[in-house]
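Single-letter residue listing:
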Amino acid sequence: MSKTKLKYICSQCGYESLKWIGKCPQCDNWNTFVEEYVETERNKPLTRKKFSDPQKISEIQAHEEERIKSGIAEFDRVLGGGFVKGSIILLGGDPGIGKSTLAMQILAKVHTKTLYVTGEESNRQVKLRAKRLKVDKEEFYVLVETSLNSITQSIENLDPSIVVIDSIQTVYKSDLDNSPGSITQIRECALELMNQAKRNNYAVLLIGHVTKEGNIAGPKILEHIVDTVIQFEGETNNTYRILRAQKNRFGNINEIGVFEMFEEGLKQITNPSELFLSGRGNDISGSVITATIEGTRPILLEVQALVTPSNYGNPQRVATGFDYKRLSILLAVIEKRGNFRLSSFNVFINMAGGVRIDEPAADLAVCCSIISSITDKNVSSKIALVGEVGLGGEIRSVNNLDQRIQETEKLGFDEIIIPYNNLKGIKDRHKIKIKTVDSLKTVINYLF
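This is a predicted model, so every value here is computed, not measured.

**Student:** Teacher, can you tell me more about the packing of helix α2 (residues 99–109) against helix α3 (residues 123–132) here?
**Tutor:** Each pair of packed helices can be described by the angle between their axes along with the distance between the axes. The contact between α2 and α3 brings their axes to 11 Å, and the two run at 70°. Comparing the axis directions of α2 and α3 gives the class roughly perpendicular. Here S100, T101 and M104 of α2 lie close against α3, whose contacting residues are V126, R129, A130 and R132. Residues that form the contact of α2 with α3 fall into these classes: three nonpolar, two polar and two charged.

**Student:** It is not clear to me how the sheet that holds strand β6 (residues 140–144) should be interpreted in this structure. Could you clarify?
**Tutor:** The strands that make up a sheet are held in pairs by hydrogen bonds between backbone atoms, and each pair lies either parallel or antiparallel. An order of β6-β5-β7-β8-β4-β9-β10-β11-β12 is seen for the nine strands of this open sheet, with the pairing classed as mixed. On the outer flanks of this sheet lie β6 and β12 (265–268), each paired with one strand and no other. Going from strand to strand, the sheet's axes swing by 25° on average, the running direction of each strand aside. Two strands pair when backbone bridges link them, and strand β7 (residues 162–166) and strand β8 (residues 203–208) are joined in this way by five bridges, in the parallel orientation. Within the sheet, the bridge partner assigned to D166 lies in β8 and is I207. The strands touched by helix α5 (residues 183–200) within the sheet are β4 (88–93), β7 and β8, with β4 carrying the most contacts at an inclination of about 140°.

**Student:** I keep staring at the state of the cysteines and nothing clicks. Help me out?
**Tutor:** Disulfide: a covalent bond connecting the sulfur atoms of a pair of cysteines. For the structure on display, the rule yields zero disulfides. C24 supplies the cysteine sulfur nearest to C27, a cysteine that is in no disulfide, at a spacing of 3.6 Å. For the unlinked cysteine C367, the closest cysteine sulfur is that of C368, found at 6.8 Å.

The rules we used
Residues numbered from 1 in each chain as written. Predicted model: local features only at pLDDT ≥ 70, side-chain atom pairs only at ≥ 80, totals over all residues. Heavy atoms only, no water. Axes fitted to C-alpha atoms, helices over the stretch in contact; angles between N-to-C directions. Helix = DSSP H or I, 4+ residues; strand = E, 2+ residues; numbered from the N terminus. Parallel < 35°, antiparallel > 145°, perpendicular 65-115°, else oblique. Contact = heavy atoms within 4.5 Å. Nonpolar A, V, L, I, M, F, W, Y, C, P; charged D, E, K, R; others polar. Pairing = 2+ DSSP bridges. Disulfide = S-S within 2.5 Å.

Pasting the structure below:
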């Protein structure tokens, strides 16, 4: 016999409680508990389970499986080389960002049988989008269904290589009393799809909604279940989109793919450095170029700074695409080690192109852009800066410097400023002029 029991589950981390709690004791978030009806088994006869025996790791047979190429190089880069058979991928992003468009373009380019399952649109709406995207693939199947039992049965009958579920929040399991989109339904449906995919050796791409904070809707355990989590980022009023891996069991999580949205669909940008530097003006103070590494790809970015006098007691500190706390540290270093008073100035930092930078190699460029703005002296547009700034004002070494130098050299830069400690680690011979610095004061004296 089964018994229905009421539980309260945290929508962020999946923590369960028998009563409502204001603050989750596991993830420390407030007002995240929602009530769910859970069906539990009772009076179930005890059965002896069959356990598997431990194996020596040297006796386990494993080999690299051939991946399914999506036909879109930027998407394959983010996945780590393409779809892995039996894997399950979660794609999130804001409404209207282009998740369904990207999924349809991927299925249209794969040279195998594919299935697009939609619970939000009709057959006619899907056909209209396919016409706009000029999709004319023969083995492109569409299924309008929300019942998980019907979906899994159709997948078994069709036997596709890739399945897209648009979206996981609309799918429901009929033997659960919870409504579609609830924590229990999302978790159980994702687990069932994962088991079916691994058993039948096909790849699943789940499209997920996001909350107003930008997080993927549903329990946090959903991101633990899947093999890969990728986020589609960008402003709906901007044509550029960035695809970023947040979790990947089969590749690098720091890889990004860059796309541009057109009326006929998304087009990949194979050289994002030229894109991010295309709108840069010459001889403008507060503008500095840095070379960053996203996964295995070097990208040149423009760091923009604007320093203005503050008319109020508390000056503003605004950072777009850069860590706010890191900016506060760098401002303190500039004041202490560079002798620039910024306590009465507003400071605005922007990474041009909508890219977010997390690595500390951009510290030197951020500091120099701020100093350039406050002194109103521009840095040459043919100079790139790379280096981490320490609390003592020292310039610390960075990794993958050869790749950064090659990218700046390829795009026609005349000079690159790097940390002194990195000089011995440079393997290749480069034609570009390389200037080494050991402190922030040395850079200030050299540039300004």
